[in-house]
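# Analysis of the macromolecular model
Chain by chain, the residues:
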Amino acid sequence: MRASNVAQILINQAGIKGDKVSATGYGEFRPKADNSTDKGKSLNRRVDILIMNSKFNEVENNKK
């Protein structure tokens, strides 16, 4: 749910096209810390954002 919410913010507020955004939730399957403590739970509440290089970078930077 957290990843989906971040994706919606990127689409609705940052103006990124929806077909360029993907959200995947790993929840309990990829924890960074032990979920038995409040600190561990806090560390596991995260969203990783990847910015991928694309063929369009050269065009957007006026390079051909």
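These notes cover the structure that comes with them. All values reported here derive from a predicted model rather than from experimental measurement. (Residues numbered from 1 in each chain as written. Predicted model: local features only at pLDDT ≥ 70, side-chain atom pairs only at ≥ 80, totals over all residues. Heavy atoms only, no water.)

## Details of the overall build of the chain
The line we're drawing: Helix numbers and strand numbers start at the N terminus; a helix is a DSSP run of H or I with at least 4 residues, a strand a run of E with at least 2. Accessible surface is estimated by sampling points in the Shrake-Rupley manner with a 1.4 Å probe; for residues, cover comes only from the protein chains shown.
If you tally the helices and strands in the chain, you get 3 helices and 0 strands. When its helices and strands are written in sequence order, the chain yields α-α-α. Carbon and sulfur atoms make up 50% of the accessible area of the chain, which totals about 6100 Å².

## Section: the packing of aromatic side chains
How we decide: Any two rings among Phe, Tyr and Trp, with Trp reduced to its six-membered ring, count as a pair given centres within 6.5 Å; such a pair is stacked if its planes are under 30 degrees apart, edge-to-face if over 60, and tilted if neither. Placement of a charge over a ring requires the Lys NZ or Arg CZ to be within 6 Å of the ring centre, with the centre-to-atom vector within 35 degrees of the ring normal.
Taken as a whole and judged by the stated rule, the model has 0 aromatic pairs. Over the aromatic face of tyrosine 26 sits the side chain of arginine 30, whose NZ or CZ is 3.8 Å from the ring centroid.

## What to know about the environment of glycine 40
How we decide: A simple rule labels every residue: compare its accessible area, found with a 1.4 Å probe on the protein chains alone, to the largest value its type can have, and call it buried under 20%, exposed over 50%, or partly exposed in between. Note on contacts: a residue pair qualifies if any of its non-hydrogen atoms lie within 4.5 Å across the two residues.
Along the chain, glycine 40 falls in helix α2 (residues 38-44). Its relative accessible area of 4% is what places glycine 40 among the buried residues. When near neighbours in sequence (up to four residues on either side) are disregarded, glycine 40 contacts Ala33, Asp34 and Asn35.

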